Amino acid sequence: MSETKGFTSSFGAIAAAVGSAVGLGNIWRFPYICGQYGGGAFLLVYLCFVFFIGMALMITEFVMGRHTRRTPIFAYETLAPSPKQRWWRYAGLLGLITSFLILALYLVISGWTTNYFAESAVGRLAGLDSNAITEHFNSFSNSALRPIVFIAVFLAITAAVIIGGVQKGIERVSKILMPVLVVLLMALCVRSATLPGAAKGFEYLFKPDFTQLTGQGVLAALGQALFSLSVGMGVMIVYGSYLPKDDNLLKTSIWITVCDTLIAILAGIAIFPAVFACGQDPAGGPGLVFMTLPAVFNSMNPAEGLPIGTIFETIFFLLLVIAALTSAISLLEALVAWGNEYNTKRSSRTRNTIILCGLMLVLSAVLSLSNGVWNGFTIGGKTLFGFVDQLNSIYLPPLCSLCAVIFLGWVVKKEIIKDELSNGGTLKTGYLGVFMFLIRFVAPAALLIVLITGILNG
Ligand code: PFF
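Residues numbered from 1 in each chain as written. Predicted model: local features only at pLDDT ≥ 70, side-chain atom pairs only at ≥ 80, totals over all residues. Heavy atoms only, no water.

Trainee: Any chance you could explain the overall build of the protein here in plain terms?
Mentor: The number of helices and strands found in the protein is 18 helices and two strands. For a compact globule of 458 residues, the expected C-alpha radius of gyration is about 23 Å, and the protein comes in at 22 Å, within 12% of that figure. Counting only C-alpha atoms and orienting by the principal axes, one finds that the protein spans roughly 70 × 50 × 45 Å. Across the 458 residues of the protein, 57% fall into the buried class. For the protein, the proportion of contacts with a sequence separation of at least 24, taken over those separated by at least 6, is 82%. Of the roughly 18100 Å² that the protein leaves accessible, carbon and sulfur atoms contribute 68%. Averaged over its 28 positive side-chain charges, the protein has a centre that lies 11 Å from the centre of its 21 negative ones. (Helix = DSSP H or I, 4+ residues; strand = E, 2+ residues; numbered from the N terminus. Rg over C-alpha atoms; globule rule 2.2 N^0.38 Å. Buried < 20%, exposed > 50% of the residue type's maximum accessible area, 1.4 Å probe, protein only. Contact = heavy atoms within 4.5 Å. Areas by Shrake-Rupley, 256 points an atom, 1.4 Å probe, with all protein chains shown as cover. Lys, Arg positive; Asp, Glu negative; His and termini not counted. Charge placed at Lys NZ, Arg CZ, Asp CG, Glu CD.)

Trainee: Sorry, what's going on with the packing of helix H1 (residues 10-21) against helix H12 (residues 249-277) here?
Mentor: For any two helices packed against each other, one specifies the inter-axial angle together with the distance between the axes. Remark: H1 packs on H12, axes separated minimally by 9 Å, with the N-to-C direction vectors making an angle of 40°. By the angle between their directions, the pair H1 and H12 is classed as oblique. Pair H1 / H12 crosses with right-handed handedness. For the pair H1 and H12, contact is made by Ile14, Ala17, Val18 and Ala21 and by Thr252, Trp255, Ile256, Cys259 and Asp260, respectively. Residues that form the contact of H1 with H12 fall into these classes: seven nonpolar, one polar and one charged. (Axes fitted to C-alpha atoms, helices over the stretch in contact; angles between N-to-C directions. Parallel < 35°, antiparallel > 145°, perpendicular 65-115°, else oblique. Left-handed = near helix turned anticlockwise from the far one by under 90°. Nonpolar A, V, L, I, M, F, W, Y, C, P; charged D, E, K, R; others polar.)

Trainee: Explain the environment of Ile355 here, please?
Mentor: For Ile355, the position within the fold is in helix H15 (residues 349-369). Taking the relative accessible area as the measure of exposure, Ile355 reaches 45% and is therefore partly exposed. For the pair Ile355 and Gly197, spaced 158 residues apart in the sequence, the C-alpha separation amounts to 51 Å.

Trainee: Could you clarify how one ought to interpret the site of the ligand in this entry?
Mentor: In the vicinity of the ligand there are 15 residues, among which Ala21, Gly25, Tyr106, Phe227 and Val235 approach most closely. One of the backbone N or O atoms of Ser20 is found 3.3 Å from a nitrogen atom in the ligand. Ser230 places a side-chain nitrogen or oxygen 3.0 Å from a nitrogen atom of the ligand. Those elements that place two or more of their residues in the shell around the ligand are H1, helix H2 (24-36), helix H10 (215-228) and helix H14 (308-342). (Near = heavy atom within 4 Å. Polar contact = N/O pair within 3.5 Å; in protein donor to acceptor, adjacent residues only side chain to side chain.)

Trainee: What am I meant to see in the side chain of Ser370 here?
Mentor: Tracing the sequence through the fold places Ser370 in the loop between H15 and strand S1 (378-379). At 3.0 Å, the side chain of Ser370 forms a polar contact with the backbone nitrogen of Phe385. In this structure Ser370 touches Asn375, Thr383, Leu384 and Phe385, once residues within four positions along its chain are discounted.

Trainee: Is there a simple way to think about H12 in this case?
Mentor: Since the α-helix turns once every 3.6 residues, residues separated by three or four places project in the same direction. Its 29 residues place the ends of H12 42 Å apart at the C-alpha level, agreeing with the 42 Å of an ideal helix rising 1.5 Å per residue. Measuring from the backbone nitrogen of Leu250 back to the side-chain oxygen at the start of H12 gives 3.2 Å, which picks out Asn248 as the cap. Of the residues one or two after H12, Gly279 is the one with positive phi, at around 65°. (Expected span 1.5 Å × (residues − 1).)

Trainee: Would you take a moment to explain the packing of helix H6 (residues 130-142) against helix H13 (residues 288-300) for this structure?
Mentor: Running from N to C, H6 and H13 cross one another at 140°; their axes reach a closest spacing of 9 Å. For the element pair H6 / H13, the angle class is oblique. Read as a crossing pair, H6 and H13 show a hand that is right-handed. Contacts between H6 and H13 involve Ser130, Ile133, Thr134 and Phe137 on the former and, on the latter, Phe290, Met291, Pro294, Ala295 and Asn298.

Trainee: Looking at this structure, how should I read the pattern of salt bridges?
Mentor: Two side chains that carry opposite charge are able to pair once their charged atoms sit near each other. Applying the stated criterion across every chain, the model contains eight salt bridges. Among the ionic pairs, Arg124 bridges to Glu119, the shortest N-O distance being 3.4 Å. Between Glu171 and Lys175 there is a salt bridge whose closest N-O contact spans 3.7 Å. With Glu171 and Lys175 both in helix H8 (residues 166-193) and four residues apart, this pair spans about one turn of that helix. Taking the relative accessible area as the measure of exposure, Glu171 reaches 1% and is therefore buried. Look at Lys175 and you get partly exposed, because its relative accessible area is 32%. (Salt bridge = Lys/Arg side-chain N within 4 Å of Asp/Glu carboxyl O.)

Below, the structure is given as structure tokens:
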């Protein structure tokens, strides 16, 4: 991969990587699992995982990507060239499969989000009471055609950005959309935090309740940390390969991690105070955003005049579409970039994108149908959607992450790591010892525990 194909500036690189990290995981998933497992108590554990394990993994992927300037399978191959080490490339392949599956699931939820954005923009959800909203969500997510149409719309926008290229597509779009996302989120936070009765929401989110923090909660915190930082499937290896050679990898990783975490916390502030102020149930789980929140927004609408609740609802779903889009872009880019590298002669960015989007559309349509018409087909008691979701949240990302840290910690020469982190000796790397300790011992132990527990709990 040539230098000119990468991001042109540090800001562009950070915007793109923050775009990947900030997604449905921050705004849809983080608030409800944080609420579920004891608010502030979960947050404390989550912060430790994000900064000690998640960030170490991000640096690991960046080092592999920027050093080799290649996509995961080839990055492993380049760093472990001897015939005895050939099997490491399968770790890269596993990452590729994981990003493929995650993207398929991600598209289903992104399709819902796009639909909800369109519906709230035309005021279709206004006036529905809580029961009608739940009914609406169930009939929509179980129906056959409508979710697939919206998956296709969302996928087409994602594909257009990828076809635009790394600089003119991904970097440019991220530089515009990320600041827009922050502004929209701040507007929602101010609205939510200033509603009468908002204090209870803050308490729910931040007051540590260690009795709620079960072992399950600790595992969920680690899984969420990996998912939220977009590590564990090689996407950050690909983005790492686009980073400028003079980029300070530690600084970039800290920026991404801090932004990602702040945005997750802000999403909690945008959601919970409003949920409490409007007397709704905060423990809505995955349905929090699609069922509880529309009811919250509706209750903000005055009987007459400007439907302020519906306006905030439209802003909220636009925010969610933007967040989902920049994450989906990174997942699709990882696959397209691999295709380009796999077949340099015959493939082009446009051709790969179209082929992959065709495949993705079929797979996500099948997953979407498994929520409704095809829910009779189950694997181990789970619908296909549930099964792929379980693979993606419990097994595959921790396994890929484990491979990456063991590989960099124990197989790759330390001089290579030092050289990458110090930009050829120009930056100080006093933290190298701590980093090596984290990727050699701490991260593998934590990931193994997650994997084993996941397997034992089936
Ligand atoms: N980090 C994204 C989120 O929090 O929604 C999800 C994600 C994107 C995971 C890209 C993995 C990835 F490669």
